[in-house]
Amino acid sequence: MKSLAELAAAREKYKPTIAMRHDNANAAKIVVGMGTCGIAAGARPVYMKFVELVNEKQLSDVIVVMSGCAGKCPLEPIVEVALPGTEKVTYVRVTPEMAEKIVEGHIIGGKPVAEYAEATAK
Amino acid sequence: MDYVRSQVLVCGGTGCTSSGSEKIITALHEELEAVGLEKEVQVVRTGCFGLCALGPIMIVYPEGAFYSMVKPEDMKEIVDEHLLKGRVVTRLLYQETVNDDGTIKNLNHTNFYGKQHRVALRNCGVIDPENINEYFATGGYEALGRVVTTMTADEVIDIMLKSGLRGRGGAGFPTGMKWKFAKASENDVKYVCCNADEGDPGAFMDRSVLEGDPNVVLEAMAIAGYAIGAHQGYIYVRAEYPIAIHRLEIALKQARESGVIGKNIFGSGFDFDIELRLGSGAFVCGEETALMTSIEGHRGEPRPRPPFPAVKGLFAKPTILNNVETLANIPQIILKGADWFASMGTEKSKGTKVFALVGKITNTGLVEIPMGTTLREIVEDIGGGVPHGKHFKAAQTGGPSGGCIPASLIDTPIDYDNLIRIGAMMGSGGLIVMDEDTCMVDIAKFFLEFTVDESCGKCTPCRIGTRRLLEMLTKVTEGKATMEDLDKMEELCLQIKANSLCALGQTAPNPVLSTLRYFRDEYIAHVVDKTYPAGVCKKLLSYSIIADKCKGCTACARVCPVGAIAGAVKTAHVIDTAKCIKCGACMEKCKFGAIVKK
């Protein structure tokens, strides 16, 4: 370390490695259904896409977690998105491409992507 | 690129390592590989989480699922269910974190963690202590960087003085004052020493900091070096702490490679290097002058002060010696300011204190609380109370140099001055909880036996005085003492305190004095009535068989190691008290509750 700037660069570089290790109660949550039905319908690539997007876009206070089967197996992969202090929105038959739009529109933009939501999707 | 989607933090402190966390880590790696998750799920070995009673402990992030008392064979279920399918394995969770509806409660809302405030332990159980990059990520070495590039030595000392930080090793001397004296001593060569010779029975605060966050100690030592004008530091650590030593060595190597320790730190022209010195576990070497004598390569014996180490210390050069926990506070004080630190705690005791909570307590472990927290909050709320429905009798703080706090003073706010006032002392932070089954005379004897063993023998009051005191105490536990002996004991205690060379002897009588002060009735019971309220002192005990309850099953006679029990089958048995060695084996064996001790 030859300067404070170099130290700051190291700090920023390694911050993501410990970013998830705290109380995540107030984080935005992306919950991907990963029961056997979900995994069979392709939830794993969807899940990994969300993880990738959160890392690439360096979104802080957004966590990606899994849940079990919600009992609506034909609609899998099911993804629930909940911003702090708002009702959760359930997206159905999510694909990695849709994941990108959900992150852009809902997580970053703050507006649910209505066309993918369970309430309005066909 | 592969991204880590989940991190599993497994405690690698000494407590959890001895309850098998290494095997947990191995099993976890195997199971993750079996289902192909080894790239998305990262396993991190951290330092102590604090809740040692429930080890081995692991936390799965981002959910924050806190699994306790896990076994290697549980790893398959956790990997298959939780990490693969997202179903948290509720039965293995720390039950305090499970809400009634089965959801996970935040750790900070549990009794154990809720009242704690972690400053010195902030990275313990959070980062991988063997990876300096994780320390950088938490803002590590920022304080050192700022100090050497933007501050003068006087400014650093000024912050330390204003913060009100006092030494966490026991005596509570203001840290800034120590630094100021050392800076004022003119000399080309000065030294910074870290006292990691934690020797109190039942204490493991410093070990946990070294194991969980070794870099914070290195950073703080370099800051101290800059403040007083030293370029060399020594960490004196017990050889009995192999994990701490291993991690310190790794941290030191990585710090040198990163250039945060060594020549020209942050391009400021300031040089500072650190070496480890291993102690062989002599208790007296925790005393500052004995510690320095030991680093110099001599037998660890104290020497008279003055001259104080700040004037003439290690190798006869000006030296400061700070305890591990004291150092662990320093980078945070530099970054957040003296006012932030001084806003915590009581008027004369600022900040937080780490305690090793042990003895008759549900949540055995490591806790950090703001100064001024009452003993009741520590024992009942954080500690979860005394187990098995027993009652709290006393707490012992300060180890062999400290004293007992009786139940009547349980609402005392804990800080340096309050503890001294009631005849105990802060000490390094061992907190031993005792229930109604603890004999206070026996406790005093235990600590005194320890100091008799550990007295270095250099000065007479300590070497001979503690031995005579132990002999008198032994007479008490054997029922052979007189009331005169109690007075003589008290007199001798005061003599030892007044005349010993170093803190070991000066504080050695404290356990006796404080139990005499608060539990004199127990001493009197031993002396006058020849009874033993808690039923611990063996010489005073006798076992007997209640003839009416005895079925003559012979179980006791068979288990007695000295053949002291006689009697025919199906008739009441009798114990020969002359032969009996009071081991209690018969009482444990008897199914009919026919054997009693009194």
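Cut-offs used in this document
- Residues numbered from 1 in each chain as written.
- Chains lettered and ligands numbered in written order.
- Predicted model: local features only at pLDDT ≥ 70, side-chain atom pairs only at ≥ 80, totals over all residues.
- Helix = DSSP H or I, 4+ residues; strand = E, 2+ residues; numbered from the N terminus.
- Contact = placed C-beta atoms within 7 Å.
- pLDDT = per-residue confidence, 0-100.
- Axes fitted to C-alpha atoms, helices over the stretch in contact; angles between N-to-C directions.
- Parallel < 35°, antiparallel > 145°, perpendicular 65-115°, else oblique.
- Left-handed = near helix turned anticlockwise from the far one by under 90°.
- Buried ≥ 20, exposed ≤ 12 C-beta atoms within 10 Å, placed from the backbone.
- Domains from an automatic or database assignment.
- Pairing = 2+ DSSP bridges.
- Core = buried A, V, L, I, M, F, W, Y, C linked by C-beta atoms within 7 Å.
- Expected span 1.5 Å × (residues − 1).
- Arc of directions from axis to C-beta.
- Nonpolar A, V, L, I, M, F, W, Y, C, P; charged D, E, K, R; others polar.

Visitor: Outline the overall build of chain A, supporting the account with residue identities and numerical values.
Guide: Of regular secondary structure, chain A possesses 4 helices and 4 strands. Starting at the N terminus, the α and β elements of chain A follow one another as α-β-α-α-β-β-β-α. Each principal axis of the C-alpha distribution contributes one length, and for chain A these read about 60 × 30 × 25 Å. Looking at chain A alone, contacts between residues at least 24 apart form 63% of all its contacts between residues at least 6 apart.

Visitor: Give me the confidence of the model for chain B: which residues, what numbers.
Guide: In the predicted model, chain B carries a mean pLDDT of 92, and the fraction of residues at 70 or more is 99%. What the predictor reports for the complex is a pTM of 0.88 with an ipTM of 0.86.

Visitor: Give me the packing of helix α7 (residues 153-163) of chain B against helix α8 (residues 175-184) of chain B: which residues, what numbers.
Guide: All names here are of chain B. Two numbers describe how α7 lies on α8: the axes approach to 7 Å, and their chain directions differ by 150 degrees. One finds that α7 runs roughly antiparallel with respect to α8. Note that α7 runs across α8; the crossing there is left-handed. Where α7 abuts α8, its residues A153, I157, M160 and L161 lie against T175, G176, M177, W179, K180 and K183.

Visitor: Hey, could you go over the environment of B:G212 for me, with residue numbers and the actual values?
Guide: Residues and elements named next belong to chain B. Residue placement: G212 occurs in helix α9 (residues 205-212). Residue class for G212 comes out buried when judged on the 29 C-beta atoms lying within 10 Å of it. Sequence separation of G212 and V126 is 86 residues, and the distance between their C-alpha atoms is 8.3 Å. If we ignore the near neighbours within four places in the chain, the residues touching G212 are G13, T46, G47, C48, N123, C124, G125 and P129.

Visitor: Just give me the short version of the domain arrangement of chain B, but keep the residues and values in it.
Guide: By domain assignment, chain B separates into domain 1 (6-110), domain 2 (132-342), domain 3 (352-435), domain 4 (440-529) and domain 5 (542-597). Here the C-alpha centroids of domain 1 of chain B and domain 5 of chain B sit 47 Å apart.

Visitor: Tell me about the environment of B:T14, residues and numbers included.
Guide: Residues and elements named next belong to chain B. Tracing the sequence through the fold places T14 in helix α1 (residues 14-18). When the C-alpha positions of T14 and E471 are compared, they lie 36 Å apart, and in sequence the two are 457 residues distant. The residues contacting T14, other than those within four sequence positions of it, are R207, E211 and I243.

Visitor: Before we move on, could you go through the sheet that holds strand β2 (residues 62-67) of chain A and cite the residues and values that matter?
Guide: As a general point, the strands of a sheet are linked pairwise by backbone hydrogen bonds and lie either parallel or antiparallel. Residue and element names in this part refer to chain A. Overall, mixed pairing links the 4 strands, which are arranged β2-β1-β3-β4 in an open sheet. Both outer strands of the open sheet, β2 and β4 (89-91), are each paired with one neighbouring strand and no more. Ignoring which end each strand starts from, the neighbouring axes of this sheet average 20 degrees apart. In terms of strand pairing, strand β1 (residues 28-33) meets strand β3 (residues 79-82) through 4 bridges, oriented antiparallel. Bridge pairing in β3 places V32 opposite V79.

Visitor: Tell me about the interface of chain B and chain A, and name the residues and values.
Guide: If you look at the interface, chain B gives 30 residues, while chain A gives 27 residues. Sorting elements by how many residues they give to the side of chain B that touches chain A places helix α5 (residues 132-137) of chain B first, with 4 residues.

Visitor: Report on the nonpolar core, specifying residues and quantitative values.
Guide: Ranked by internal contacts, the top residues of the largest apolar core, which has 211 residues, are A:V32, A:F50, B:M58, B:C193, B:V217, B:M221 and B:I223. When residues of this core are assigned to their parent elements, the largest contribution, 11 residues, is made by helix α10 (residues 214-228) of chain B. Discounting residues that sit within four places of it in the chain, B:V217 has contacts with B:C194, B:V209, B:L210, B:V324, B:L327 and B:A328.

Visitor: If you had to explain helix α11 (residues 242-258) of chain B to someone new, which residues and values would you point to?
Guide: Residues spaced three or four apart along an α-helix point in a common direction, a consequence of the helix completing one turn every 3.6 residues. All names here are of chain B. Between its first and last C-alpha atoms α11 spans 24 Å; for 17 residues at 1.5 Å apiece the expected length is 24 Å, and the two agree. By the burial criterion, the buried members of α11 are A244, I245, R247, L248, A251, L252 and A255. Down the axis of α11, the buried set is contained in an arc of 165 degrees. They therefore lie on one face. Pointing more than 90 degrees away from the buried face of α11 are the exposed residues P242, E249, K253 and E257. Buried residues along α11 sit in contact with α5, α9, α10, β6 (232-238) and β8 (270-279). One or two steps after α11, the chain reaches G259, where phi turns positive at roughly 80 degrees.

Visitor: Account for the sheet that holds strand β10 (residues 352-359) of chain B, with residues named and values stated.
Guide: All names here are of chain B. Across the sheet, 5 strands lie side by side as β11-β10-β14-β12-β13; this open sheet has mixed pairing. Each end of this open sheet is capped by a strand with a single partner; those strands are β11 (365-370) and β13 (403-406). In this sheet, adjacent strand axes meet at a mean angle of 30 degrees when their direction is disregarded. Both strand β12 (residues 392-397) and β13 contribute to a ladder of 4 bridges, which runs antiparallel. Across the sheet, the residue bridging to Q396 is C404, located in β13.

Visitor: Could you give an account of the pairing of β1(A), with specific residues and numbers?
Guide: Residue and element names in this part refer to chain A. The buried fraction of β1 amounts to 5 of the 6 residues, a majority that puts the element mostly inside the structure. Both β1 and β2 contribute to a ladder of 6 bridges, which runs parallel. Its bridge partner lying in β2, G33 is registered against S67.

Visitor: Got a sec to walk through unusual backbone geometry? Specific residues and values, please.
Guide: Residues and elements named next belong to chain B. Looking along the chain, the bond that leaves G55 and enters P56 is cis, with omega of -5 degrees. On the secondary structure map, P56 appears in the loop between β2 (41-46) and β3 (58-61). Between R305 and the following residue, P306, the backbone shows a cis peptide bond with an omega angle of -10 degrees. Tracing the chain through its elements places P306 in the loop between α12 (288-295) and β9 (319-323). Unusually for a residue other than glycine, Y141 sits at a positive phi of about 65 degrees. Considering the arrangement of structural elements, one finds Y141 in the loop between α5 and α6 (142-150). Owing to 28 C-beta atoms within 10 Å, Y141 belongs among the buried residues under this scheme. With a phi angle near 75 degrees, T554 is a residue other than glycine that sits in the positive phi range. By the secondary structure assignment, T554 is in the loop between β15 (543-545) and α23 (555-559). Judged by C-beta crowding, with 15 C-beta atoms within 10 Å, T554 ranks as partly exposed.

Visitor: How would you sum up the packing of helix α18 (residues 460-477) of chain B against helix α19 (residues 483-499) of chain B? Please name residues and give values.
Guide: Packed helix pairs are characterised by how far apart their axes lie and by the angle those axes make with each other. Residues and elements named next belong to chain B. Between α18 and α19, the shortest axis-to-axis distance is 10 Å and the interhelical angle comes to 160 degrees. By the angle between their directions, the pair α18 and α19 is classed as roughly antiparallel. By crossing handedness, the relation of α18 to α19 is classed as left-handed. For the pair formed by α18 and α19, the contact residues are P461, C462, G465, T466, R468, L469, M472, K475 and V476 on the first element and D485, K488, M489, L492, C493, Q495, I496 and N499 on the second. Considered class by class, the residues forming the contact of α18 with α19 number 9 nonpolar, 4 polar and 4 charged.

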